[in-house]
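Given next are the chains, with one letter for each unit.
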Amino acid sequence: MSKIHEHWTSRLGFIMATAGSAIGLGSLWRFPYVAGENGGGAFVLLYLFFTFIIGLPVFIGELVLGRYSQKSALLTYYELSNNSPNWKGLGWLNVFSCLLILSYYSVVAGWCLSYVVMSLNKFYVGLDAEAIKQVFNTLYTSPGINLFWFGLFLLINMGIVFSGVRKGIEHWSKILMPALFVSLMALFCYALTLPGFSKAVAFTFVPDFTKLNASSVLNALGMAFFSLSVGLGIIVTYGSYMNKKDNIPYNGTLIAFMTVLVSLISALTIFPIVFSFGFPPEAGPGLVFQTLPVLFAKLPASILLSTLFFSLLFFAALTSTISLLETIVANMLDLFEMKRETATIIATILTFVVGIPSALSGSDILFPTWKAIYGKNFFDTVNYLTASWFMPFGGLLVTLFLGWRLNKEIPLQEFGLGTKTQYLAKPWFFMLRWVVPVAVGIIIIQETGLFNFAHLFKK
Ligand code: PFF
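Each value, and the rule that gives it
Residues numbered from 1 in each chain as written. Predicted model: local features only at pLDDT ≥ 70, side-chain atom pairs only at ≥ 80, totals over all residues. Heavy atoms only, no water. Phe/Tyr/Trp six-rings, centres within 6.5 Å; stacked < 30°, edge-to-face > 60°. Buried < 20%, exposed > 50% of the residue type's maximum accessible area, 1.4 Å probe, protein only. Lys NZ or Arg CZ within 6 Å of the ring centre and 35° of its normal. Helix = DSSP H or I, 4+ residues; strand = E, 2+ residues; numbered from the N terminus. 1 Å grid on protein atoms, 1.4 Å probe; cavity = no way out; pocket = protein on both sides within 12 Å on 5 of 7 lines; lining within 4 Å. Points joined across faces, edges and corners; volume = space filled by probe spheres on them. Nonpolar A, V, L, I, M, F, W, Y, C, P; charged D, E, K, R; others polar.

Visitor: Could you give me a rundown of the packing of aromatic side chains, with the residues and numbers involved?
Guide: Under the definition given, this model contains 41 aromatic pairs. Geometrically, the ring pair formed by W8 and F14 is tilted, given 6.2 Å between the ring centres and 50° between the ring planes. Taking the relative accessible area as the measure of exposure, W8 reaches 2% and is therefore buried. Here the aromatic cluster, defined as three or more aromatic residues joined through ring pairs, consists of Y104, W111, Y115, F123, Y124, F136, Y140, F289, F296, F309, F310 and F379. One Lys or Arg, R30, reaches over the ring of F226 and ends 5.2 Å from the middle of that ring. Lying across the ring of W404, R433 places its NZ or CZ 4.0 Å from the centre.

Visitor: With reference to specific residues and values, describe unusual backbone geometry.
Guide: With phi around 55°, Q70 is a residue other than glycine that occupies positive phi space. Within the secondary structure, Q70 sits in the loop between α3 (41-69) and α4 (73-80). Despite not being glycine, S229 shows a phi value in the positive range, around 60°. Of note, S229 is situated in the loop between α10 (214-228) and α11 (234-240). For S229, a relative accessible area of 8% gives the class buried.

Visitor: Give me the lowdown on empty space enclosed by the protein, citing residues and values where you can.
Guide: With the rule as written, the count across this model stands at 3 cavities of 30 Å³ or more. In this structure, the largest cavity encloses a volume near 140 Å³. Taken together, 15 residues form the lining of the largest cavity, with S21, Y105, F226, S229 and S320 sitting closest to its centre. Those elements giving two or more residues to the lining of the largest cavity turn out to be α1 (11-22), α5 (85-120), α10 and α14 (302-335). If you tally residues by element for the lining of the largest cavity, the top one is α14, at 3 residues. Of the residues contributing to the lining of the largest cavity, the split by class is 8 nonpolar, 7 polar and no charged. Forming the walls of the second largest cavity are P357, L360, S361, D364, I365, L366, F367, W370, N377 and F378.

Visitor: Describe the layout of surface pockets, with residues and values.
Guide: Of the voids in this model, the largest pocket is the one considered here, and its volume is about 940 Å³. Lining the largest pocket are 40 residues; nearest its centre among them are R30, Y33, N383, Y384 and A387. At the level of secondary structure, the elements contributing two or more residues to the lining of the largest pocket comprise α2 (25-37), α5, α6 (129-140), α10, α13 (286-298), α17 (378-405) and α19 (425-448). Within the lining of the largest pocket, the residues separate by chemical class into 22 nonpolar, 11 polar and 7 charged.

Next comes the structure, spelled out in structure tokens:
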């Protein structure tokens, strides 16, 4: 039985689906609070720098690799390395990382879904800030409720991936992404009218380099990687659905621009609200679930704003998790003789099982001593392992594969197909071969503790 490898029906479909993978909770939830914790403007500038200098070459590299091989990550590395089991191992690392990220990311996405329903119920009415915080804690520590929303979110995700690249992913991305842009713009217009807007602009754009240290430099690099979804074979998979006439450097750059734009607009939407009500911008991960509802409660049209905001988070999470599930499914289809529907159901069940300890992390009923042993609860452990280790490591290996393992004519030629800017191929390849591995190598060395680059900044 020959397998049919689907392709995007249109450029718009590809852009919506791939931007959908990139734009997610990373841009809307993580970026504002991490920028807030790292002093604002200077961090934002670094994030922009790393996105375009480090993240974008890898992003383009993954697209080039996928379109050339017309396979998902595992078989791409295996076949293009003359069947080396070691490079196949990189494919397995990618699939395993996607499974782990999907398992905890869907728990957060489940909270977003829960907050949509809670917003429609106006859960914050009559509650003070402390009580609103408590609502989140109650949700976080309720095993059954966490499992319910996590499972429901996975089922929605499964329903979309089930229908395939065109009818599922592309179709839904073309609906969800415009919905996301419109909701974000509506909230942004509201933020424009708030007294804290100019303070938010200054906080986001005026750099104060004294607030930077080595760890914020590394955070900015990690943020750039996470938000472009690179280092996991996802962009390889989405690249394999591209047509040869598509312009990879142009489309890749456009998607990177869209991603940073959404991150910036979301910071400029959240910070004016935070500043107008005198909250600290470095409130941490609870910013969205614990702080913003306090503010929504005080605003006119609160039900509308709050429901819109959490729906926005839900849409953004969904288009990102689709890409994670699709990558697992696509690899399974390449490896095993099975139907897409069967692969999707198996991958979803597997994700649910792997995610159960994350969904139950707040209630401590599954591994009550996990935190005492590992220093972080199960959810935080998986989050940390994937974002700080597996993604940078996957990113480093894919650049080494493209820059050093493959015959360099392959990436150079594939880059040039469908574009008039072939002259950019060589500078891009130079970045991939030298600059990116060194920069990512630095993050990994810092994480291992072999050398603390913070010492270089201290006199
Ligand atoms: N890029 C997504 C975000 O910023 O939320 C998160 C993500 C999706 C990371 C898919 C990794 C990934 F493979």
